[in-house]
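Coordinate inspection notes
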Amino acid sequence: MSTVCVSDADLVARARQGDPAAFGELVERHRMAVYRAALAALGSHADAEDAAQDAFLVAFRRLDTFRGDSSFKTWLLTIAWHQAINHRRSLGRVWRRMVAPKDQEEMESVLENVAAAGPTPEGATAHHELRRELERAIRALSPKLRDALLLAQSGEYSYDEIGTMLGAPLGTIKWRVSEARRVVRARLQQRGYVDVR
Amino acid sequence: MSDERLDRLIGDVAKQLTAGQPSSDFRARVIARLDRPPRRAWWTSWIAVPLSGMAVMLIALGVARPFMSRDRGAGPASRKSNQAVKTETAPVGPIPDTTTVRLPPSPPPGGFGETRKPDTTYERSQRGTRGAAGGRHGPSSGAAAEVAALAPPPLHVPPLGVEAIGMDALPTGSIAVPQLDAIAPIGIAPLPADDARPSGANDGTIDDSRLPT
């Protein structure tokens, strides 16, 4: 049976009746959003993959508790965010980060590729340095500000969805995003990358 | 650098930090894990292991309590045995006298003429108590044996034979008390009725003749 035109609610109803294909379709539809939320929380692709899989499993086991008050995506993202936060707090992950800070290098190589697209070698180097400093400034933000900024900038979620995921009102989310930008700018000014007016 | 450009750059970098895709077999992995039992969280072992240990200890205590109380119920015997051990090992203290001769209050059927054996009732009772305690408490009997090995050798004092006094040796005759002399009654003459006092009784003089000598 084709699932292209089937709504999430219908797929949920079929998955509740024990149809794994229906749940598979739900996974296919929302895997990117779930994965990126986990990546925003964890900063590591491997950890984000684990957390996203766990989130789908938890959602499958809790399908009976989904009442349909919000959309399935919002409900699923809330579960995914909690799973990612649990991963972030786990001692095992902290240990892995201490032993093998691989993700930092991963991210740096990505940024280097982006920076390599500069017009001149000097310009590319300056651009690369600025991006590295920006990345450091974003990583140095407090978790609340960083989470709001990364989720908002990912382009996957509306502010309402971010508010539901983080358990904060819409105004608070907007303020956090704005505050995160201000703090990053201030840091760049401190380092001399931006002119102080 | 303008604020607008900087904001755009911040947005770009933030988007880069969340860029990425799950693995191509993500869906298959999730579906494969649906049938498996749920993975335990990492912290469950940290809580479950101490809790199960405590539960085992509590159960062991609950099972052992009736036996412990039963042993406590048999306490007097063990306490007696302990006291016996203490009495044996104590350097200073009353040593039970096994040579004491106790005479019965009434003459025995055989009469007073025979020699009585020493009363060893205390010693026998002590021996019986020690035996009972040793039977119930295996480990304490070993300790008692060690203490007994260190104890001084028992004193062998021959019983003191006391010759009973024969009935024939007692004086059988009555005690003769001599008759006392009869005491003569003392006669007292009545006083005269007019009770006349001698002259000069109130004049300050003393009649020496009336004073006792």
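Only a predicted model underlies this, so the values are computations on that prediction, with no experimental measurement involved.

1. So, the overall build of chain A
A count of helices and strands for chain A gives 10 helices and zero strands. Helices (α) and strands (β) of chain A occur, in sequence order from the N terminus, as α-α-α-α-α-α-α-α-α-α. Evaluated residue by residue, chain A yields a buried proportion of 36% over its 197 residues.

2. Let's talk about the packing of helix α7 (residues 121-139) of chain A against helix α1 (residues 3-17) of chain B
Look at α7(A) against α1(B): their axes get within 10 Å of each other, and the N-to-C directions meet at 70 degrees. On the basis of their axis angle, the class for α7(A) and α1(B) is roughly perpendicular. Of the two possible hands of crossing, α7(A) and α1(B) adopt the one that is right-handed. Mapping the contact onto sequence places Arg131(A), Leu134(A), Glu135(A) and Ile138(A) in α7(A) and Leu9(B), Ile10(B), Val13(B), Ala14(B) and Leu17(B) in α1(B). Across the contact of α7(A) with α1(B), the residue classes break down as seven nonpolar, no polar and two charged.

3. Quick notes on helix α3 (residues 45-61) of chain A
The end-to-end C-alpha separation of α3(A) is 24 Å, in line with the 24 Å expected for 17 residues at 1.5 Å each. Here α3(A) has its buried residues at Asp47(A), Ala48(A), Glu49(A), Ala51(A), Ala52(A), Gln53(A), Asp54(A), Ala55(A), Phe56(A) and Ala59(A).

4. A few points about the interface of chain B and chain A
Residue-level contacts link 24 residues of chain B with 36 residues of chain A. When contributions to the side of chain B that touches chain A are tallied by element, the ones reaching two or more residues are α1 and α2 (26-34) of chain B. For the side of chain B that touches chain A, the element with the highest residue contribution is α1(B), accounting for 10 residues. Within the side of chain B that touches chain A, the residues separate by chemical class into 13 nonpolar, six polar and five charged.

5. Overview of the nonpolar core
Note that soluble globular proteins tend to have their nonpolar side chains buried in a common cluster. Residue and element names in this part refer to chain A. Residues Val 34, Ala 37, Ala 38, Ala 80 and Leu 149 are the most contacted members of the largest nonpolar core, which totals 52 residues. A per-element tally of this core places helix α2 (residues 20-42) first, with 12 residues. Once residues lying within four places of it in the same chain are set aside, the contact partners of Ala 38 are Ala 48, Ala 51, Ala 52, Ala 80 and Ala 84.

The rules behind the values
Residues numbered from 1 in each chain as written. Chains lettered and ligands numbered in written order. Predicted model: local features only at pLDDT ≥ 70, side-chain atom pairs only at ≥ 80, totals over all residues. Helix = DSSP H or I, 4+ residues; strand = E, 2+ residues; numbered from the N terminus. Buried ≥ 20, exposed ≤ 12 C-beta atoms within 10 Å, placed from the backbone. Axes fitted to C-alpha atoms, helices over the stretch in contact; angles between N-to-C directions. Parallel < 35°, antiparallel > 145°, perpendicular 65-115°, else oblique. Left-handed = near helix turned anticlockwise from the far one by under 90°. Contact = placed C-beta atoms within 7 Å. Nonpolar A, V, L, I, M, F, W, Y, C, P; charged D, E, K, R; others polar. Expected span 1.5 Å × (residues − 1). Core = buried A, V, L, I, M, F, W, Y, C linked by C-beta atoms within 7 Å.

Function cannot be read off these values alone, since they describe shape.
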